[in-house]
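Remarks on the overall topology
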Amino acid sequence: MGRSGFGRITFRIALLLALMALSGATLRAQSTSPSPTIEVDAGAQTHLFPHFWEKMFGSGRAILSLRESYRNDLRETKRITSFEYVRFHAIFHDEAGLYDEGKDGHPAYNFSYVDQIYDGLLQNHVRPFIELSFMPKKLTSDPNALHPFWYKQNVAPPKDWDKWEQLVENFTRHLVDRYGLDEVAQWYFEVWNEPNLDFWAGNPKEATYFELYDRAARAVKRVSPRLRIGGPATAQAAWVDRFLAHCEEKNVPVDFASTHVYGNDQAEDVFGTHEKIPRTHMVCRSVKKIHDQIAASPYPNTPLIWSEFNASYMNEPAVTDTAFMGPWMADTIRQCDGLTAMMSYWTFSDVFEEQGVVKTPFYGGFGLLAEGGIPKAAFNDFALLHQLGDTRLDVDSDSVLITRHKSGSLAIAAWNLFLPEEAGSPKTITLHFKGLSGAQNARITIVDKEHGSPLPAWEKMGRPAFPTSAQIDTLRKSAALPAAQSRSLKDGALTLTLEPQSLALIELDK
């Protein structure tokens, strides 16, 4: 998770309740409006549509990647998305065994687990997006600076800045020696995680983080100038403008800018305002903020990598475990298109222990797959969105994405989005196609509360905290992606009704 959130949960819930009346009134007004007709012009203006939302996923900390359950979930996510990178915390945590010091204080390195971790990713055709964190206990300036997460990572600055630099350089050089420069040059190195929050105990936070970054960046570049380094990996879309200005002033290498925002972050923290920004708009408004800051910076062509995002940074079962994630993701893609090179959904798997050992399969975990490899609705939603084409067509609608494949066939995402606290109502839409040649048939696949989700079956079972093997098998089967239904266009149009919190993929042959 991108932050602990322990001190803000009560405030978030109170604010959410206060917003319900306003947001509910807006959504009810939308639900009673006339059924829209959406004009789909096959000859409309287009632009390239790289699948920026599925190139990278976050995951539980580094050591968890050695588990077979983690690797099974990674393979399943790779199968439906073809994702390229995975990012996790704590490669320098002592449980990975990398760093030690002898009695004379001389550093000693053990790459056994590090190699197994990265070998496992590469064997499954996924590359590391390396987060250089956290501080080994033999190198920390404060052994008591432990984060409240279950695995108690140390978040203090190093006791010796030169040894920090040596650690990063030796770590990087080992990777190049083991995997080759041509391979590692395709990876990314990001310095730390959310130093503006309680993941960094430097004082003052910003100045000490900049030193941490500067030394790490120069260490990585000493190994090879071809290697990519970036930051500041902040929460709440913070520091990026000042970070880039700092890199320019101090002539520090920077190859990309990274930061995070979640749908339930607050305007006070992200924008310094008292606006009430719903979770349906927070992420992409934040992305636009940073996109514009980079454009106005000394490095206007710096790629923006959003290295964590989700609809919530809390464990909210009504959010991340439910069909809400499909329309939320589709609408987020619509809004963020063209603003970022890559976004990393947090996370692909509930093999995850920031709050401790998982106590029940559906607790509001961030993963696409629940414990036991049970696909959530979000897993099927990503499978549908993966089928979109690589060219996007302009359309006058905020609830569809019109795309085209290289073959010329159209792939359309359509959704009915309500906030999690809203019951919502069905929405009927008509897609009217212009510029299509010949008879057209459509294949329609829909994920909603009752289709492509394991939750109805889990409820019928009595919500077991520890499902049996047979129950897990039943849950997996109940979560299968529904079969596509074939429909013919009538007079060049297709009408369909979408239940609340549903996502539809409509595929038309050329």
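What this report covers is the structure whose coordinates are included nearby.

Cut-offs used in this document
- Residues numbered from 1 in each chain as written.
- Predicted model: local features only at pLDDT ≥ 70, side-chain atom pairs only at ≥ 80, totals over all residues.
- Heavy atoms only, no water.
- Salt bridge = Lys/Arg side-chain N within 4 Å of Asp/Glu carboxyl O.
- Helix = DSSP H or I, 4+ residues; strand = E, 2+ residues; numbered from the N terminus.
- Buried < 20%, exposed > 50% of the residue type's maximum accessible area, 1.4 Å probe, protein only.
- Disulfide = S-S within 2.5 Å.
- Polar contact = N/O pair within 3.5 Å; in protein donor to acceptor, adjacent residues only side chain to side chain.
- Pairing = 2+ DSSP bridges.
- Axes fitted to C-alpha atoms, helices over the stretch in contact; angles between N-to-C directions.
- Expected span 1.5 Å × (residues − 1).
- Left-handed = near helix turned anticlockwise from the far one by under 90°.
- Contact = heavy atoms within 4.5 Å.
- Nonpolar A, V, L, I, M, F, W, Y, C, P; charged D, E, K, R; others polar.
- Core = buried A, V, L, I, M, F, W, Y, C linked by side-chain atoms within 4.5 Å.
- Phe/Tyr/Trp six-rings, centres within 6.5 Å; stacked < 30°, edge-to-face > 60°.
- Lys NZ or Arg CZ within 6 Å of the ring centre and 35° of its normal.

**Some points on the pattern of salt bridges**
Under the defined criterion, the tally for this structure stands at 34 salt bridges. One salt bridge in this structure joins Arg215 and Glu211, with 3.2 Å as the shortest N-O distance. One end of the pair, Arg215, and the other, Glu211, are both in helix α6 (residues 205–223), 4 residues apart, so they sit about a helical turn from each other. For Lys288, the salt bridge identified is with Asp292, shortest N-O distance 2.6 Å. Within this pair, Lys288 and its partner Asp292 are both found in helix α9 (residues 282–295), separated by 4 residues, close to a single helical turn. The partly exposed category is assigned to Lys288, whose relative accessible area is 38%. In this structure Asp292 comes out as partly exposed when scored by relative accessible area, which is 34%. Put simply, Asp162, Glu165, Glu169, Arg173, Glu211, Arg215 and Arg222 are held in one network by salt bridges that share partners.

**Brief notes about the state of the cysteines**
Scanning all chains against the criterion turns up 1 disulfide. Here Cys284 connects covalently by a disulfide to Cys336, the sulfurs 2.0 Å from one another. With the S-S dihedral at roughly -110 degrees, the linkage between Cys284 and Cys336 falls on the left-handed side. Of this pair, Cys284 sits in helix α9 while Cys336 sits in helix α11 (residues 325–336); the two residues are 52 residues apart in sequence, bridging distant segments of the chain. One exposure class covers both Cys284 and Cys336, and it is buried.

**Concerning the environment of Asp182**
Following the sequence through the fold, Asp182 ends up in helix α5 (residues 181–184). Sequence spacing of Asp182 and Arg226 is 44 residues, and the spatial spacing of their C-alpha atoms is 8.9 Å. Here Arg226 takes part through its side chain, which lies 3.1 Å from a polar atom of the side chain of Asp182.

**What about the side chain of Arg279?**
Along the polypeptide, Arg279 turns up in the loop between α8 (267–270) and α9. Here the side chain of Arg279 touches Glu316 through a polar contact of 3.3 Å, side chain to side chain.

**With respect to the sheet that holds strand β8 (residues 188–191)**
Reading around the barrel, the 8 strands line up as β3-β4-β7-β8-β9-β10-β11-β12 and close back on themselves, with parallel pairing between neighbours. This sheet shows a mean twist of 25 degrees between the axes of neighbouring strands, independent of strand direction. In this sheet, strand β10 (residues 256–260) lies alongside strand β9 (residues 229–234) in parallel orientation, the contact comprising 4 bridges. Residue pairing for β10: Gly230 is matched across the bridge by Phe256.

**Points about α11**
Taking 1.5 Å of rise per residue, the 12 residues of α11 would be expected to cover 16 Å, and the 16 Å separating its terminal C-alpha atoms lies within 8% of that figure. Of all 12 residues in α11, 10 are buried; the element is thus mostly enclosed. Positive backbone phi, approximately 90 degrees, marks Gly338, located one or two places after α11.

**Some points on the packing of helix α4 (residues 161–179) against α6**
Across the interface, α4 lies against α6 with an axial gap of 8 Å and an inter-helix angle of 35 degrees. When you trace α4 past α6, the crossing you get is right-handed. From α4, Trp161, Asp162, Trp164, Glu165, Val168, Glu169, Thr172, Arg173 and Val176 reach across to α6, where they touch Thr208, Glu211, Leu212, Arg215, Ala216, Ala219, Val220, Arg222 and Val223. Looking at side-chain class alone, the contact of α4 with α6 contains 9 nonpolar, 2 polar and 7 charged residues.

**Re the nonpolar core**
The biggest cluster of nonpolar side chains holds 119 residues, and the ones touching the most others in it are Tyr118, Leu132, Trp164 and Phe171. For Tyr118, the residues in contact, after removing those within four places along its chain, are Phe88, Ile91, Pro128, Ile130, Phe171, Leu175 and Tyr179. Core analysis: the next-biggest nonpolar cluster, separate from the first, contains 20 residues, Ile412, Ile444, Leu494 and Leu508 among them.

**Considering the packing of aromatic side chains**
Under the definition given, this model contains 37 aromatic pairs. A centroid spacing of 5.9 Å and a plane angle of 80 degrees characterise the contact between Phe92 and Trp164, whose relative ring orientation is edge-to-face. One end of the pair, Phe92, is in the loop between β4 (85–88) and β5 (99–101); the other, Trp164, is in helix α4, with 72 residues separating them in the sequence. Residue Phe92 is classed as buried on the basis of its relative accessible area of 1%. Its relative accessible area of 0% is what places Trp164 among the buried residues. Here the aromatic rings of Phe134 and Phe199 are separated by 6.3 Å at their centres, their planes lie at 15 degrees, and the arrangement is stacked. In this pair, Phe134 sits in the loop between β7 (127–132) and α4 while Phe199 sits in the loop between β8 and α6, placing the two residues 65 residues apart along the sequence. Each of the two residues, Phe134 as well as Phe199, counts as buried. Taken together, the ring pairs in this structure connect Phe92, Tyr118, Phe134, Phe149, Tyr151, Trp164, Phe171, Tyr179, Trp187, Trp192, Phe199 and Trp200 into an aromatic cluster. The ring centre of Tyr188 lies 3.8 Å from the NZ or CZ of Arg228, which sits over that ring.

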